[in-house]
Amino acid sequence: MSMPNDQGAPHDARTIIAGLRAGLPPAPAALDWFAAGLASGEVSDAQAGAFAMAICLNGLGPAGRVALTRAMQNSGEQLHWDLPGPVVDKHSTGGIGDCTSLLLAPALAACGAYVPMISGRGLGHTGGTLDKLESIPGLRTDRTTDQLRSQLAQTRCAIIAASPQIAPADRRLYAIRDVTATVDSIDLITASILSKKLAAGLEGLVLDVKFGSGAFMKTEQQARALAQALVSTAQGAGCMTTALITDMSQPLAPAAGNALEVIAVMETLTGTAVNAALWDLTAALGGEALALGGLAADAADGAARIEQALQSGAAAEYFGHMIAAQGGPADFVDRWPDRLPSAPVTLDFNSPLDGFIGAIDTESLGHIVVQLGGGRLRQGAPINPSVGLSNLAAIGTTVEPGQPLARVHAATKAQAEAALKQLAAAYTITDQAPDLPPLIIGRIT
Ligand code: URA
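Residues numbered from 1 in each chain as written. Predicted model: local features only at pLDDT ≥ 70, side-chain atom pairs only at ≥ 80, totals over all residues. Heavy atoms only, no water.

I'd like to hear about the overall build of the protein, residue by residue, with values.
Scanning the protein for helices and strands turns up 17 helices and twelve strands. By the compact-globule yardstick of 22 Å for 445 residues, the protein fits well, its C-alpha radius of gyration being 21 Å. Principal axes of the C-alpha set define a box for the protein whose edges measure 70 × 50 × 40 Å. Considering the protein as a whole, with its 445 residues, one finds that 56% of them fall into the buried category. (Helix = DSSP H or I, 4+ residues; strand = E, 2+ residues; numbered from the N terminus. Rg over C-alpha atoms; globule rule 2.2 N^0.38 Å. Buried < 20%, exposed > 50% of the residue type's maximum accessible area, 1.4 Å probe, protein only.)

I'd like to hear about the site of the ligand, residue by residue, with values.
The immediate surroundings of the ligand are formed by His91, Ser92, Thr93, Leu123, Tyr174, Arg177, Ile189, Ser192, Ile193 and Lys196. The side chain of serine 192 places a nitrogen or oxygen atom 2.7 Å from a nitrogen atom of the ligand. Lysine 196 is positioned such that a nitrogen or oxygen atom in its side chain is 2.5 Å from an oxygen atom of the ligand. When the ligand sits alone it has 240 Å² of accessible area, and the protein chains cover 97% of it. At the level of elements, strand 1 (88–92), helix 8 (168–178) and helix 9 (186–199) are the ones that each hand at least two residues to the shell around the ligand. Top element by residues in the shell around the ligand is helix 9. It accounts for four residues. A breakdown of the residues in the shell around the ligand according to their chemical character gives four nonpolar, four polar and two charged. (Near = heavy atom within 4 Å. Polar contact = N/O pair within 3.5 Å; in protein donor to acceptor, adjacent residues only side chain to side chain. Areas by Shrake-Rupley, 256 points an atom, 1.4 Å probe, with all protein chains shown as cover. Nonpolar A, V, L, I, M, F, W, Y, C, P; charged D, E, K, R; others polar.)

Hey, could you go over the nonpolar core for me, with residue numbers and the actual values?
If you look at the biggest cluster of nonpolar residues, it comprises 80 residues, and the most contacted ones within it are Phe319 and Leu365. Here this core gets eight residues from one element, more than from any other, and that element is helix 12 (residues 276–292). There are two domains that each give this core at least three residues, and those are domain 2 (88–337) and domain 3 (345–430). Beyond its immediate sequence surroundings of up to four residues, phenylalanine 319 is in contact with Leu102, Pro106, Ile136, Val265, Met266, Leu269, Phe332 and Val333. In this structure, Ile118, Val231, Ala234 and Cys239 belong to the second largest nonpolar core, which totals 38 residues. (Core = buried A, V, L, I, M, F, W, Y, C linked by side-chain atoms within 4.5 Å. Domains from an automatic or database assignment. Contact = heavy atoms within 4.5 Å.)

Could you give an account of the domain arrangement of the protein, with specific residues and numbers?
Here the protein is described as being made up of domain 1 (13–59), domain 2 (88–337) and domain 3 (345–430). For domain 1 and domain 3, the distance between their C-alpha centres works out to 37 Å.

Outline helix 2 (residues 28–40), listing residues and values.
Compared with an ideal rise of 1.5 Å per residue, which puts 13 residues at 18 Å, helix 2 spans 18 Å between its outermost C-alpha atoms and is within 8% of the ideal. Every buried residue of helix 2 is accounted for by Ala30, Leu31, Trp33, Phe34, Ala35, Gly37 and Leu38. Taken together, the buried residues of helix 2 touch helix 1 (13–21), helix 3 (45–58), helix 4 (61–73) and helix 8. Residue glycine 41 follows helix 2 closely and has a positive phi angle near 95°. (Expected span 1.5 Å × (residues − 1).)

Let's hear about the pattern of salt bridges: which residues, and what values?
The full count for this structure, using the stated rule, is 19 salt bridges. The salt bridge involving lysine 210 is made with aspartate 208; its shortest N-O contact spans 2.9 Å. Of the two residues examined, lysine 210 and aspartate 208, each falls in the buried class. Arginine 305 is paired through a salt bridge with aspartate 301; the nearest N and O atoms lie 3.2 Å apart. With arginine 305 and aspartate 301 both in helix 13 (residues 299–312), this residue pair falls four residues apart, about one helical turn. We classify arginine 305 as partly exposed; its relative accessible area is 40%. (Salt bridge = Lys/Arg side-chain N within 4 Å of Asp/Glu carboxyl O.)

Break down the side chain of threonine 233 for me, with residues and values.
Checked against the element boundaries, threonine 233 lands in helix 10 (residues 220–236). Looking at threonine 233, the relative accessible area reads 7%, which means it is buried.

Before we move on, can you summarise the sheet that holds strand 6 (residues 345–350) with the specific residues and values?
If you walk across this open sheet you meet the three strands as 6-10-8, and the pairing is antiparallel. Edge positions in the sheet fall to strand 6 and strand 8 (388–390), since each has one partner strand and no second. Across the sheet, the axes of successive neighbouring strands diverge by a mean angle of 30°, strand direction being ignored. The strands that helix 17 (residues 413–426) touches are strand 6, strand 8 and strand 10 (404–410); relative to strand 6, the one it contacts most, it runs at about 20°. (Pairing = 2+ DSSP bridges. Axes fitted to C-alpha atoms, helices over the stretch in contact; angles between N-to-C directions.)

Got a sec to walk through the sheet that holds strand 11 (residues 427–430)? Specific residues and values, please.
Taken in spatial order, the three strands line up as 9-7-11 in an open sheet, and their pairing is antiparallel. Both edges of this open sheet fall to strand 9 (398–399) and strand 11, since each of them pairs with a single strand only. Examined bridge by bridge, strand 7 (residues 355–360) and strand 11 share four bridges and lie antiparallel to one another. Its bridge partner being in strand 11, isoleucine 357 is matched across the sheet by isoleucine 429. On top of the sheet, helix 17 reaches strand 7 and strand 11; it is set at about 45° to strand 11, its chief contact.

In structure tokens, the structure reads:
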């Protein structure tokens, strides 16, 4: 591959990285070359890591961000649909206990939408939808475009990985960013999310842009900047997009870890234990998606439709069809407690004091899950689907000494005990009741 650069010389990764390191964003053609090289393997892992680090440190600027998004989108096929309903989707910028995608894809399908959800694995300290879904025995997320098309026609929703066919540049760069501390860049997050979402041929996209201690964006100002970048890039590419800015100062569901979050999803889908934050955010995001797709009068009407799909069991039914279509157990919705793996060791973390839970270092909770084996510290490392944290107490909870605040699920006692020490540092107990963070802080459209 030797497309010429502006001076007529062939592009090469070293020159592109050196330019970025010097603060000179590459020309669109150079980014096209780099994204194609990520997809073909011509760019090495080391070069991809250096490229990502240089962007993290120096940024690309708005035009470079749009050019990288286009280049990564065009590294694979562009899907086009001819289906009897709108094609919509939702994506989150990442957090802890954020399993809304697993609820939302089938709930949207139950409301008449088609959802070709191309998702990610764990990224940095955050959990990944694909890893969560793959804790279901037999389930596959590596689908070809033909398999995706036939599944969508059959079940209206699919949750799959970027592939050698769709957004292959993101597939590669994402895994490298996960283990090279190069996630928290507005340019890289925008290009990563939108390259796969735009390639999926969506008519409407809802983005959940998170901020707080468990998010990549720690402040509301950073989250607003990311939301603006995402919405303007997506709208510029012709995809109707709305972003909600939401709280990630504490875990969304009271669980963090792959199978443990699937349990939280199944409890909500089957009505056995509904978590209010998870429910409310799913309804709000879904409402926006239905409004974008023309299946609801507005976001409030859409949210009511999503709640009805959850309450009536219709979303659970679509979830069951999706799981079976992707190779999981056909009876998963009825038999999920018997089907999910569980960890051999569980230990409770108990409050050392009385008072209130004043704050949670939510990023630390994500690192605990990674260290327990629920995420990756090396590219391609296998993960343990059963480990993580459950029964996580929320900010504002009144506590007394000895009261359990979290349960650790681990492969060994030593790992569980190490997690208990980290939990003690992650939870702040205060004398005064804290202000409770609102779940949804803003909306950008
Ligand atoms: N989700 C993605 O797909 N990519 C990111 O960079 C962050 C969240």
